[in-house]
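# Close look at the chain arrangement
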Amino acid sequence: MARQYFGTDGIRGTVGTSPITPDFVMRLGYAAGKVLAGDASGGTKPVVLIGKDTRISGYMLEAALEAGFAAAGVDVMLAGPIPTPAVAYLTRALRLSAGVVISASHNPYQDNGIKFFSSHGNKLPDAVEEAIEAALEQPMLCVSSDKLGKAKRLDDARGRYIEFCKSTFPNELDLRGMRIVVDCAHGAAYHIAPDVFHELGAEVIAIGNQPNGFNINDGFGATAPKALIAAVVEHGADLGIALDGDADRLLMVDAAGRLYNGDELLYVMVMDRLAVSKVDGVVGTLMTNMAVEVAFKELQLPFVRAKVGDRYVLEQLSERGWLFGGEGSGHLLCLDKHTTGDGIVSALQVLSGLKRSGQSLADATRAVTLYPQTLINVKVAPGTRWQDNLAMVAEMQAVESQLGATGRVLIRPSGTEPLIRVMVEAHDAVLAEQSARRIADHLTH
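These numbers come from a predicted model, not from an experiment.

### Quick word on the pattern of salt bridges
All told, the structure shown has 28 salt bridges when counted by the stated rule. One salt bridge in this structure joins Asp-126 and Arg-311, with 2.7 Å as the shortest N-O distance. Of the two residues, Asp-126 sits in helix α4 (residues 126-136) while Arg-311 sits in helix α10 (residues 310-320), which places them 185 residues apart along the sequence. Using a relative accessible area of 34% as the deciding quantity, one classes Asp-126 as partly exposed. Using a relative accessible area of 9% as the deciding quantity, one classes Arg-311 as buried. Connected through shared salt-bridge partners, Asp-9, Arg-12, Lys-115, Lys-123 and Asp-310 make up one network.

Below you can see the structure in the form of structure tokens.
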């Protein structure tokens, strides 16, 4: 069944434009509630946790969801502003029926979205999303008054999650003697992330921690790391940690102001785990830098590329029974610590590796000097298939032959816009740019 509303990461869009409207979100809550009520065992009333980031629209959408669930006879627990991975954790820890996050992650405040987690803290299976979409086609009704759902606040959500994050850091280690700048992107971790690192012993300087409903991801966080780089240098910090609006992404900065992306941080996490136990394999994506793949191959560690998107990384990990995967954007998965990507937990895994080895980030990533990448987005007519452009295919093959084992070519259509993305990776930046241009030029003729 083709899904009309659910994408690879829930339902997302501009607030006030379908489907991110109060009436649709209320119907969504009702539809999801009916599906969950149908799955409830022993006649018990389902209970759903709702968390959100710091967007002004979160109040409106939270109220709409709550009304929809109540009409379906589902009880609601409200966690308030809290990271997406916190909802996944609390849903599992409290043995709830499902978790719902109101967030558009790294997007600007004008956008918002709805994402669901199962009772196990995982993203909903396709079959459940399809059942919710089918229920959306039915009229919205209301259970009888004696069966309506109730809502209450989960007052200790923040404290519970802080303790969980700390529990993923080795007991024998601490962060004493470290000065860390933590950039919360004016998002959901603004009142959580600084405390996690402080309670583990670090001196913490928090930035991007004053949300006003409109400034999420605006000039701060993982999608705008310049503020963090400047703060690390200004305060003479040892490290900087950048989260995004819902705190499931991580980038880091060293004392010299050098930025490290998700590919490099994944390598540090895996190398630390290799030092103390076994690692069966690692999953990246089609966009993962080739330097990471080469480094793992030299260690004879299996490496597999999934489609772009943390959902697909998780699918590959689950299928193979592996634990580690991630994307250059900073979505990192460490499945023996959490069921989903978590920026705070990932930062703690990197920090434990640095503390255990005594290395700096620069030292820990010396074996993965990233290959230069050139990405060119070419506007095309909707429905254009680049594979039908024989001249372009021939040029791509010529470039691949020239690069050999020292680079690679990736061509893929955008999932949201009429664009073809041409990416070339090579040891030499000039060669990468020239090669990408050679291929892309055939799309514009």
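### Digging into the packing of aromatic side chains
Enumeration according to the criterion identifies seven aromatic pairs in this entry. Arranged with centres 4.1 Å apart and planes meeting at 15°, the rings of Tyr-89 and Phe-164 form a pair that is stacked. Highlighted residues: Tyr-89 in helix α3 (residues 84-93) and Phe-164 in helix α5 (residues 157-167), separated in sequence by 75 residues. Owing to a relative accessible area of 9%, Phe-164 belongs among the buried residues under this scheme. The structure contains a cluster of three or more aromatic residues connected by ring pairs, namely Tyr-89, Tyr-161 and Phe-164. Across the ring face of Trp-322, the terminal group of Arg-320 is positioned such that the distance to the ring centre comes to 5.4 Å.

### Notes on empty space enclosed by the protein
With the rule as written, the count across this model stands at three cavities of 30 Å³ or more. Looking at the largest cavity, its volume works out to about 60 Å³. Taken together, Phe-6, Thr-8, Asp-9, Gly-10, Lys-115, Phe-116, Lys-123, Leu-124, Glu-129 and Arg-311 make up the lining of the largest cavity. Looking at the lining of the largest cavity, its residues break down into three nonpolar, two polar and five charged. In this structure, the second largest cavity occupies an estimated 40 Å³ of space. Lining the second largest cavity, in full, are Arg-27, Tyr-30, Ala-31, Ala-135, Leu-136, Gln-138, Pro-139 and Met-140. Mapped by element, the contributors of at least two residues to the lining of the second largest cavity are α1 (22-39) and α4.

Parameters and conventions
Numbering of residues starts from 1 in every chain and runs along the sequence as written. Local features in this predicted model are restricted to residues of pLDDT 70 or higher, and side-chain atom pairs are both shown and tallied only at a pLDDT of 80 or more, whereas totals for entire chains, interfaces and linings draw on every residue. The basis for the side-chain values is all heavy atoms of the structure; hydrogens and waters are excluded. When a carboxyl oxygen of Asp or Glu is within 4 Å of a side-chain nitrogen of Lys or Arg, the pair counts as a salt bridge. Strands are runs of DSSP state E lasting at least two residues, helices are runs of H or I lasting at least four, and both sets are numbered from the N terminus onward. Only protein chains enter the accessibility calculation, which uses a 1.4 Å probe. A residue is then buried if its area is under 20% of the maximum for its type, exposed if over 50%, and partly exposed in between. What counts as a ring pair is set by centres within 6.5 Å for rings of Phe, Tyr and Trp (its six-membered ring), and what kind of pair is set by the plane angle: stacked under 30 degrees, edge-to-face over 60, tilted for all other angles. Both a distance and an angle decide whether a charge sits over a ring: NZ of Lys or CZ of Arg must be within 6 Å of the ring centre and within 35 degrees of the ring normal. Only protein atoms enter the 1 Å grid, on which a cavity is a set of points fitting a 1.4 Å probe that cannot get out and a pocket is an open set with protein on both sides within 12 Å along at least 5 of 7 lines, lining residues being those with an atom within 4 Å of a point. Grid points are joined across faces, edges and corners, and a volume is the space filled by probe spheres set on the points. Lys, Arg, Asp and Glu make up the charged group, whereas Ala, Val, Leu, Ile, Met, Phe, Trp, Tyr, Cys and Pro make up the nonpolar group; the residues left over, Gly among them, are polar.

Function cannot be inferred from these measures alone, as they are strictly geometric.
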